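# Summary of structural features
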Amino acid sequence: MEYIVEMLNITKEFPGIKANDNVTLQLKKGEIHALLGENGAGKSTLMSVLFGLYVPEEGIIKVRGEEVHINNPNDANNYGIGMVHQHFKLVHNFTVVENIVLGFEDTKHGFLQFDDAIKKITDLSEKYKLKVDPNQLISNISVGMQQRVEILKMLYRNADILIFDEPTAVLTPQEIEELMNIMKDLTKEGKSIILITHKLKEIKQVADRCSVLRKGKYIGTVDVKTTSVEKMAEMMVGREVSFVIDKEVAKPKEVVLKVDNISVYNHALKKNSVTDVSFEVKKGEILCIAGIEGNGQTQLIESITGLNPISNGSLTLNGIDISHYSVRQRNNSGVSHIPEDRHRHGLVLDYSLEKNLILQTYFKELFQHKGFLKFDEIRINSDDLIDRFDIRSGKGSTTSARSMSGGNQQKVIVAREINRDTDLLIAVQPTRGLDVGAIEYIHKQLIAQRDAGKAVLLVSLELDEVMNVSDRIIIMYEGENVGEFDPTVVSENELGLYMAGSKRSDQ
């Protein structure tokens, strides 16, 4: 059997952690090979070894049957290996074409030549149905388009071994569908693809074989067509995972948050991002705001949490008008917030885990005395939350947030916000980019908060999550509330029509 890439007995260590422990992966020519594992299982590390970002302590790599040494990404490019990273590596104030040729430029008498590059990019774009405009600025195009630029960057360098690291974490359902088709087209042209993911549905949809890593160790490789989703989940997590969410019927009580005819004006676009939205969230229920990304959910939540001013309407929390409160006043009045972007709004990446866990409470009596921090109390708080919320990291409380896996970064935020014990918990896409084990865990936490009598406001783009976790659903389309639904009665299809704007409940 001819393998195009073989990674044999790879071991890669970091201080305090074996990220890859004697791992073997074999990729056949022309296949889509899924690499499955929980957050922090060592998938990205293994691919970073193949792409030359890390050099392994042990093991060998063969490309097209020959043993090779890949010391940096340029070596990888020379062997025809390309990689689309989870967080895209693009220069935002450059155009598409400038990003694609970066490091691979044509020059004449010291001047950059773009004509040939633009022609090649246009041809590739048409061949693989990527529909990218070479002259657009990166900062002006959608996340889905940015990803296509990353794909073009690999194809432009004539890569035929393509690594996709969590490529669907930031895409809408429609963009995911398009990406899957692009990947199938690439393999028809003889490219070989490694797909890092923890979305089992997607593996079933496109992959031929699937290798599973767990806590840095290789568990096995299975044929996707003949292996059930439940079996793959069990290999990945090491126990049976329940895809059915266990919860009693909600018993809503008093109103905690009342949103009354809120509008939010967007000065850049010179129009409203949110128009006349009203709803109530009660104690003991999970209200979900659903919709396709970019329909005003982000601006609505920013206006409730105080990151964005409202242009009219009012916000009431437990009967008190908080429309003009600062962020800290809202936090102290009883609002917890798990933000959409964990890096920009959830964590200070260069702070330690223990500092991140007191970002909203460091000024309280418990953690300071006359302006001096009580480091012992901060450590006790952190050790307790690490234990209770099963946060995994290299060095416990002193670990820098930046060095942790995405799933564990998310757990830090969930632990901090739930521990504040407020009346209202706002969770925006709390499971984005997480594996089945972590998703199951976070859903249980949200339902436990509801059952403890809290009001939970969930914003989600994942229809499965919307249907299974919420007690009531509101759909937003183009900044308006277009309908309210009971998840036990409505179908996914029906919700999809409202999300796409082809139906409204007031028609």
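Residues numbered from 1 in each chain as written. Predicted model: local features only at pLDDT ≥ 70, side-chain atom pairs only at ≥ 80, totals over all residues. Heavy atoms only, no water.

Okay, unusual backbone geometry next. Glycine aside, residues mostly have negative phi angles, and peptide bonds mostly take the trans form. Here the phi dihedral of D390 falls at roughly 50 degrees; this positive angle occurs in a residue that is not glycine. Mapped onto the secondary structure, D390 falls in the loop between α13 (375-388) and α14 (406-419). We classify D390 as partly exposed; its relative accessible area is 34%. For Q429, which is not glycine, the phi torsion reads 45 degrees and is therefore positive. Assignment of secondary structure puts Q429 in the loop between β21 (424-428) and α15 (436-451). (Helix = DSSP H or I, 4+ residues; strand = E, 2+ residues; numbered from the N terminus. Buried < 20%, exposed > 50% of the residue type's maximum accessible area, 1.4 Å probe, protein only.)

Let us now look at helix α10 (residues 327-334). Buried residues of α10: R330, N331 and G334, and no others. Angularly, the buried residues of α10 cover 110 degrees about the axis, an arc narrow enough to put them on a single face. (Arc of directions from axis to C-beta.)

Our next topic: the pairing of strand β4 (residues 58-63). Where strand β1 (residues 3-14) meets β4, five bridges bridge the pair, whose relative direction is antiparallel. When the bridges of β4 are listed, V5 appears paired with V63. Inspection of the sheet shows β4 paired to strand β5 (residues 66-68) by three bridges, in the antiparallel sense. Bridging from a neighbouring strand, I61 pairs with V68 of β5. Between β4 and the antiparallel strand that follows it, β5, lie two residues; R64 among them carries a positive phi value of about 50 degrees. (Pairing = 2+ DSSP bridges.)

Moving on, we come to the packing of helix α4 (residues 115-127) against helix α5 (residues 143-156). At a minimum axis distance of 10 Å, the contact between α4 and α5 shows a crossing angle of 110 degrees. Judged by the angle between their axes, α4 and α5 are roughly perpendicular. Taken as a pair, α4 and α5 cross one another with a handedness that is right-handed. Two secondary-structure elements touch here, α4 through A117, K120, I121, L124 and S125 and α5 through L152, L155 and Y156. A per-class count over the contact of α4 with α5 returns six nonpolar, one polar and one charged. (Axes fitted to C-alpha atoms, helices over the stretch in contact; angles between N-to-C directions. Parallel < 35°, antiparallel > 145°, perpendicular 65-115°, else oblique. Left-handed = near helix turned anticlockwise from the far one by under 90°. Contact = heavy atoms within 4.5 Å. Nonpolar A, V, L, I, M, F, W, Y, C, P; charged D, E, K, R; others polar.)

Once that is clear, we can look at the pattern of salt bridges. Scanning all chains against the criterion turns up 28 salt bridges. Residues D471 and K247 are paired through a salt bridge, measuring 3.3 Å at the closest nitrogen-oxygen approach. With D471 in the loop between α16 (463-469) and β23 (472-477) and K247 in the loop between α8 (229-237) and β13 (255-266), this residue pair connects regions lying 224 residues apart in the sequence. Since its relative accessible area comes to 28%, K247 is described here as partly exposed. The partner of R472 in a salt bridge is E484, and the shortest N-O contact between them spans 3.0 Å. Here R472, found in strand β23, pairs with E484, found in strand β24 (residues 480-485); they are 12 residues apart in sequence, far enough to count as distant. Look at the salt bridges and you will find they share partners, linking K247, R450, D451 and D471 into a network. (Salt bridge = Lys/Arg side-chain N within 4 Å of Asp/Glu carboxyl O.)

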